[in-house]
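Residue-level structure breakdown
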Amino acid sequence: MGDTAKLTAGGGDYEFPMKSGTLGPDVVDIGKLYGKTGMFTYDPGFTSTASCDSGLTFIDGEEGVLLHRGYPIGQLAENSNFMEVSYLMLNGELPSKDELDNFEFTITRHTMLHDQLRQFYQGFRRDAHPMAIMCGVVGALSAFYHDSTDISDPEHRKISSHRLIAKMPTIAAMAYKYAIGQPFMQPDNSLSYTGNFLRMTFGVPAEQYEVVPEVEKALDRIFILHADHEQNASTSTVRLAGSSGANPFACIAAGIACLWGPAHGGANEAALNMLREIGTPDKIPEYIARAKNKDDPFRLMGFGHRVYKNYDPRATVMQKTVREVFDALKVNDPVFEVALQLEEMALNDDYFIEKKLFPNVDFYSGVILSAIGFPTEMFTALFALARTVGWVAQWNEMISDPGQRIGRPRQLYTGPTTRDYVPIAQR
Ligand code: ACO
């Protein structure tokens, strides 16, 4: 597109090129803004800033659309599986039967951890949060897999990507086992990616573990729903860390650290805790009133999203999945009723309507994960497990881009102006 954006500022007129993607808003290319004008843009929280080109995921927040490589998330969640979606994210196209078999074979062959890594776990307190353990252990992978850390070598990048996707379930399951004092379970390569994770988490060496197909399907679907979400905080963290040439294990550890925050991946844990605290539907109005009160820091967890100003399409699938899991496991948890009624009340409340606050993916995911048997501390670890696919795909996309440079935002300085050092005796 030949359009340009005109800027009048600081007594000058400037023109900047515009760029169009295949979908979504056009962008003003301000890469030369500082060189031309001596000014920076100011956009804390990056609400209006595109930080990269990407062909992976598209979100239309106003319409509630989420596409991975062009495929709507609802179709992927309904018809695909997590391994196929992982292949799609990494390679750009859905696999043929042979391609998928080969991919699953490769991932399966990387599921074990270097045996020495087990000793890392003993260094953590038993009550350590699984995300603290994940952060440490994933970062430590770079000390064990030197043969895949040369980021300029596409083969190294591929192997490290496969290793990360394959080992994440083992690492997460071991974090859980360590916390409850049960022996680590080794992967069983005859199971699916998700079935294997369930067995490593809930199985014990003394007994045969039977994977419940409905649970396996539901968890696999949850993994699909969390696989990628374009340039969110943790993905941008992975990209920024990777832009310096840091190895992929270190970059993914940085992503895990960012994801842990309650405004991001920690929200499903916070959402379930909130639903349990509410406890019964009659308490809902009290909590809605608190969420609306400007003097109360309380927010409805699992509500609102930086990008979605409509129903999060992932939340729709989640709500359906809750029912399936509850039916399969014959669970009757009042928390689901609280969630349904809270959603209905909030969606009919002017405050939430005006601010376009809708349930996000985290609103229902905690309810399902809890029904399956995961303790709340594991929720974010499961999110990290699934999001590893997106992080790795985004990291690969960035490194393969010949125009990639180190990420280096600028600032609006508001500190003291130049002043002379004062010796301590005179202060
Ligand atoms: N409850 C009550 N009010 C809310 C909520 C909420 N959950 N979310 C936003 N608001 C209000 C804010 O108070 C603000 O009001 P104001 O304009 O009167 O000041 C307005 O809506 C806009 O909120 P911001 O925080 O500016 O919106 P932002 O896009 O920065 O935040 C966020 C998005 C962080 C997700 C926010 O909605 C929130 O904190 N939600 C709860 C946490 C949560 O569920 N996070 C999960 C995100 S999804 C994910 O990470 C997978």
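Right above here is the structure, for reference.
Please read all numbers here as calculations on a predicted model, not as lab measurements. (Residues numbered from 1 in each chain as written. Predicted model: local features only at pLDDT ≥ 70, side-chain atom pairs only at ≥ 80, totals over all residues. Heavy atoms only, no water.)

1. A look at the site of the ligand
Taken together, 20 residues lie around the ligand, and Arg299, Leu300, Gly302, Arg306 and Lys355 are the ones closest in. At 2.7 Å from a nitrogen atom of the ligand is found a main-chain nitrogen or oxygen belonging to Leu300. Taken by itself the ligand offers 920 Å² of open surface, and the protein chains cover 74% of this. Of the residues in the shell around the ligand, the class split is ten nonpolar, five polar and five charged. (Near = heavy atom within 4 Å. Polar contact = N/O pair within 3.5 Å; in protein donor to acceptor, adjacent residues only side chain to side chain. Areas by Shrake-Rupley, 256 points an atom, 1.4 Å probe, with all protein chains shown as cover. Nonpolar A, V, L, I, M, F, W, Y, C, P; charged D, E, K, R; others polar.)

2. Considering the sheet that holds strand 4 (residues 57–60)
On the basis of which strands lie adjacent, the open sheet formed by three strands has the order 4-5-6 and antiparallel pairing. Every other strand in the sheet has two partners, leaving strand 4 and strand 6 (71–72) as the edge strands with one partner each. The pairing of strand 5 (residues 65–68) with strand 6 spans two bridges and is antiparallel. Within strand 6, the residue paired with Leu67 across the bridge is Pro72. (Pairing = 2+ DSSP bridges. Helix = DSSP H or I, 4+ residues; strand = E, 2+ residues; numbered from the N terminus.)

3. Observations concerning the packing of aromatic side chains
Applying the stated rule across the entire model yields 19 aromatic pairs. Aromatic side chains Tyr351 and Phe352 sit 5.1 Å apart centroid to centroid with 70° between the ring planes, which places their arrangement in the edge-to-face category. For the residue pair Tyr351 and Phe352, the accessibility class agrees, reading buried in each case. Here Phe363 and Tyr364 contribute two aromatic rings whose centre-to-centre distance is 5.0 Å and whose plane-to-plane angle is 80°, an arrangement assigned as edge-to-face. Like Phe363, the residue Tyr364 is buried in the burial classification. Among the aromatic residues, those joined into a ring-pair cluster are Phe82, Tyr176, Tyr193, Phe197, Phe202, Phe223 and Phe374. The lysine or arginine in question, Lys36, covers the ring of Phe16, its NZ or CZ lying 4.8 Å from the ring centre. Above the plane of the ring of Tyr34 lies Arg410, whose end atom (NZ or CZ) is 5.3 Å from the centre. (Phe/Tyr/Trp six-rings, centres within 6.5 Å; stacked < 30°, edge-to-face > 60°. Buried < 20%, exposed > 50% of the residue type's maximum accessible area, 1.4 Å probe, protein only. Lys NZ or Arg CZ within 6 Å of the ring centre and 35° of its normal.)

4. Description of the pattern of salt bridges
By the definition in use, this model includes 14 salt bridges. Taking the shortest distance from any N to any O, the salt bridge between Asp147 and Arg163 comes out at 2.9 Å. With Asp147 in the loop between helix 6 (130–140) and helix 7 (154–180) and Arg163 in helix 7, this residue pair connects regions lying 16 residues apart in the sequence. For Arg163, a relative accessible area of 10% corresponds to the buried category. (Salt bridge = Lys/Arg side-chain N within 4 Å of Asp/Glu carboxyl O.)

5. Some words on the side chain of Ser80
One can find Ser80 in the loop between helix 2 (73–79) and helix 3 (82–91). One polar contact links Ser80 to Glu84, side chain to side chain, over a distance of 2.6 Å. Among all residues touching Ser80, those that are not within four sequence positions of it are Gln75, Val85 and Ile224. (Contact = heavy atoms within 4.5 Å.)

6. Description of the pairing of strand 2 (residues 12–19)
Pairing analysis gives six bridges linking strand 1 (residues 4–9) to strand 2, with the strands arranged antiparallel. Residue pairing across strands places Leu7 opposite Tyr14, the latter belonging to strand 2. Hairpin connection from strand 1 to strand 2: two residues lie between these consecutive antiparallel strands, with Gly10 at a positive phi of about 55°. Relative to strand 3 (residues 27–28), strand 2 is paired through two bridges, and the arrangement is antiparallel. Within the sheet, the bridge partner assigned to Lys19 lies in strand 3 and is Val27.

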